[in-house]
Amino acid sequence: MRLDKDRLVVGIDAGTTKVCTLVGEPCENGNLRIIGVGACPSRGIRRGVVVNVEETEKAILASVEKAERIAGYKIQHACVGLAGPHVSSMNSRGVVAISRGDHEIIQEDVDRAVEAARAIAIPNNRQVIHVIPRGYIVDGQDGVKDPVGMLGFRLEVETHIVTGAAASVQNLVRCVQKGDVEVNDLVLDALASSEAVLTEEEKEMGVVLADVGGGTTDIAIFMDGAAWHTTVLPVGGSHITNDIAVGLRTATATAEDIKIRCGYAVAAAVDEAEPVELVGFGRENQRVVSRRALSEIIELRSREIFGLILGEIKRSGYDGLLPAGLVLTGGTAELSGITELGSEILQLPVRVGYPRSLEGLSDVVSGPAYAAGVGLLVWSIANRDSPAKPVKKARPPRKKKPGGLLKLLRSFVP
Ligand SMILES: Nc1ncnc2c1ncn2[C@@H]1O[C@H](COP(=O)(O)OP(=O)(O)OP(=O)(O)O)[C@@H](O)[C@H]1O
Ligand SMILES: [Mg+2]
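What counts as what
Residues numbered from 1 in each chain as written. Chains lettered and ligands numbered in written order. Predicted model: local features only at pLDDT ≥ 70, side-chain atom pairs only at ≥ 80, totals over all residues. Heavy atoms only, no water. Helix = DSSP H or I, 4+ residues; strand = E, 2+ residues; numbered from the N terminus. Buried < 20%, exposed > 50% of the residue type's maximum accessible area, 1.4 Å probe, protein only. Lys, Arg positive; Asp, Glu negative; His and termini not counted. Salt bridge = Lys/Arg side-chain N within 4 Å of Asp/Glu carboxyl O. Polar contact = N/O pair within 3.5 Å; in protein donor to acceptor, adjacent residues only side chain to side chain. Contact = heavy atoms within 4.5 Å. Near = heavy atom within 4 Å. Areas by Shrake-Rupley, 256 points an atom, 1.4 Å probe, with all protein chains shown as cover. Nonpolar A, V, L, I, M, F, W, Y, C, P; charged D, E, K, R; others polar. Expected span 1.5 Å × (residues − 1). Disulfide = S-S within 2.5 Å. Pairing = 2+ DSSP bridges. Right-handed = clockwise from strand over helix to strand, strands pointing away. Axes fitted to C-alpha atoms, helices over the stretch in contact; angles between N-to-C directions. Parallel < 35°, antiparallel > 145°, perpendicular 65-115°, else oblique. Left-handed = near helix turned anticlockwise from the far one by under 90°.

1. Details of the side chain of Lys 18
The residue Lys 18 is located in strand β2 (residues 18–26) in this model. No salt bridge is formed by the buried Lys 18, whose closest oppositely charged neighbour, Asp 13, lies at an N-O distance of 4.1 Å. Within the local environment of Lys 18, its side chain forms a polar contact with the backbone oxygen of Ala 369, the two atoms lying 3.0 Å apart. Aside from chain neighbours lying at most four places away, what touches Lys 18 is Asp 13, Cys 40, Pro 41, Ser 42, Ala 369 and Tyr 370.

Now the structure itself:
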């Protein structure tokens, strides 16, 4: 089959435990065909943030090259996922007057309103990642989804604005660019995962998505069809693994192995006498521990993670109004018993989000750990018609030419 290179989209999700590059193309039937996958262990990223540039560059390059080999395509541009506790969000309203004679709202008015919402005081060391229009108000009438073509005197837009620490964002961009790949969009991981697993009805009803990865828990709360609150918590599955390693005095690799093979998030549901064999180097590491004891450690940390998610739901002001419940993605969503524990703590329906409507190499990326990667492709396809906005390298600030009074004074100096 010949590749139509103009239709291809690429996503790079550089996480704490794995870096994953995906190449895909939209199908006629609305599905997404995955034609290249490159997943490599991540090094150099902690809690979603680059802490070792060289290691991160190497991991990203390895993952890009792997995906290129499988797809038979040289990757030039990619949509890149972003996480890390430096990310913060707020809601902002922009207002403009429609002063033309016919008072018909045109796209330019909508753009002006979004620009007005964006014009909030953001410190120099922060970079705007998203300005997402949530809805419009025309002459006091709210609930307007698309105001273009309506008549009015006053247009207001409600937006959700996501910002990140400029240095952290640019470190990630530079690591991708080092691999000869231009970053044409940056997308918050939680929003990318939402694209892959949430339905429009869930977003309309009110839903919270939590991508519980290795080092971060990325949260996005949707109401009335749009993002209302987003945040990144610096806790994830690697904390569960570390707790097991410390609690049962095992190597980290052994702790990871038994967590995945035998762990259960609700300890009381596990038989007290059930044994778990530890497989490690040396005779002293070949021990048997109780599965109940293992699950108690897992439950404790999982409860903490759900407690933090509940805290964010309350902080967002939408406690009790999320009928579609919680959708879990990220590798930790595969932990046995996690949905059971989640619904007990949150008192909400909880499900695991698997990327939907995939073709091609779909078996490789059908797990919740690939939701963010797949979501980057869905996001790219949805935003492809919007004008390209390459994310530029962080360059040193240009020296300002002297102007005004200084220029005048210099003209008198011989
Ligand atoms: N079956 C399983 N049971 C329990 N935990 C699992 C399972 N499979 C994967 N995990 C955990 O999922 C985590 C990795 O998830 P994921 O691949 O989503 O992380 P990441 O995207 O690299 O990290 P982050 O998004 O936090 O930067 C690891 O902590 C791993 O132990
Ligand atoms: Mg992740």
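2. Remarks on the pattern of salt bridges
Evaluation of the coordinates by the stated rule reveals 21 salt bridges. Residue Lys 145 pairs with Glu 204 through a salt bridge whose shortest N-O separation is 3.9 Å. Of this pair, Lys 145 sits in the loop between β9 (141–144) and β10 (154–165) while Glu 204 sits in helix α5 (residues 200–205); the two residues are 59 residues apart in sequence, bridging distant segments of the chain. Overall, Lys 145 belongs to the exposed group, its relative accessible area being 52%. Its salt-bridge partner being Glu 202, residue Arg 351 comes within 3.0 Å of it at the nearest N-O pair. Of this pair, Arg 351 sits in strand β18 (residues 350–352) while Glu 202 sits in helix α5, and the two are 149 residues apart along the sequence.

3. Quick notes on the site of ligand 1
By nearness alone, 19 residues border ligand 1, and Thr 16, Thr 17, Gly 215, Glu 256 and Lys 259 come closest of all. At a separation of 2.8 Å, an oxygen atom of ligand 1 approaches a polar backbone atom of Thr 216. Protein contacts shield 89% of the accessible area of ligand 1, which totals 660 Å² for the unbound molecule. Of all the secondary structure elements, the ones that give two or more residues to the shell around ligand 1 are α6 (237–247) and α7 (252–262). The dominant element in the shell around ligand 1, judged by the number of residues it contributes, is α7, at 3 residues. Broken down by class, the residue content of the shell around ligand 1 amounts to 3 nonpolar, 12 polar and 4 charged.

4. Quick look at helix α10 (residues 371–382)
End to end, α10 covers 16 Å across 12 residues, agreeing with the expected 16 Å (1.5 Å per residue, within 8%). The set of residues buried in α10 consists of Ala 371, Ala 372, Gly 373, Val 374, Gly 375, Leu 376, Leu 377, Trp 379 and Ser 380.

5. Details of the state of the cysteines
Summed over the entire model, instances satisfying the criterion amount to 0 disulfides. Not part of a disulfide, Cys 40 finds its nearest cysteine sulfur in Cys 20, a span of 9.1 Å. Since its relative accessible area comes to 11%, Cys 40 is described here as buried.

6. Some words on the pairing of strand β11 (residues 182–188)
Of all the 7 residues making up β11, 5 are buried; the element is thus mostly covered by neighbouring parts of the structure. Sheet analysis places strand β6 (residues 77–82) next to β11, joined by 6 bridges and oriented parallel. By the bridge assignment for β11, His 77 is matched with Glu 182.

7. Focus on the pairing of strand β17 (residues 326–329)
Burial of the side chains of β17 extends over both faces: Leu 326 and Leu 328 are buried on one face and Val 327 and Thr 329 on the other. Across 3 bridges, β17 lies against β18 in parallel orientation. Residue pairing in the sheet places Leu 328 in a bridge with Val 352 of β18. Once you follow β17 into helix α9 (residues 338–346) and on to β18, the crossover reads as right-handed.

8. Brief notes about the environment of Gly 214
With respect to the element layout, Gly 214 can be found in the loop between β12 (207–212) and β13 (217–223). Expressed as a C-alpha distance, the spacing of Gly 214 and Val 235, which sit 21 residues apart in the sequence, is 7.7 Å. Beyond its immediate sequence surroundings of up to four residues, Gly 214 is in contact with Thr 16, Thr 17, Gly 236, Gly 237, Ser 238 and His 239.

9. Here's the deal with the sheet that holds β18
Taken in spatial order, the 5 strands of this open sheet run β14-β13-β12-β17-β18, and their pairing is mixed. Looking at strand neighbours, the two that pair on one side only are β14 (226–233) and β18, the edges of this open sheet. The average undirected angle you get between the axes of adjacent strands in this sheet is 20°. Relative to β14, helix α8 (residues 291–315) is tilted by about 140°, and along the sheet it contacts β12, β13, β14 and β17.

10. Things to note about the sheet that holds β9
The strand order β7-β10-β8-β9 describes an open sheet built from 4 strands, whose pairing is antiparallel. Both outer strands of the open sheet, β7 (88–97) and β9, are each paired with one neighbouring strand and no more. Looking at each pair of strands side by side, their axes are set apart by 40° on average, direction ignored. Sheet strands in contact with helix α3 (residues 166–178) are β8 (126–138) and β10, and its direction is about 70° off that of β10.

11. Concerning the packing of α8 against α9
Between α8 and α9, the least distance of the axes is 10 Å, while the angle of their chain directions is 50°. When the axes of α8 and α9 are compared, the pair comes out oblique. Judged by the twist between their axes, the crossing of α8 over α9 is right-handed. Contact residues: Glu 299, Ser 302, Arg 303, Phe 306, Ile 309 and Leu 310 in α8; Ile 338, Leu 341, Gly 342, Glu 344, Ile 345 and Leu 346 in α9. For the contact of α8 with α9, the per-class residue count stands at 7 nonpolar, 2 polar and 3 charged.

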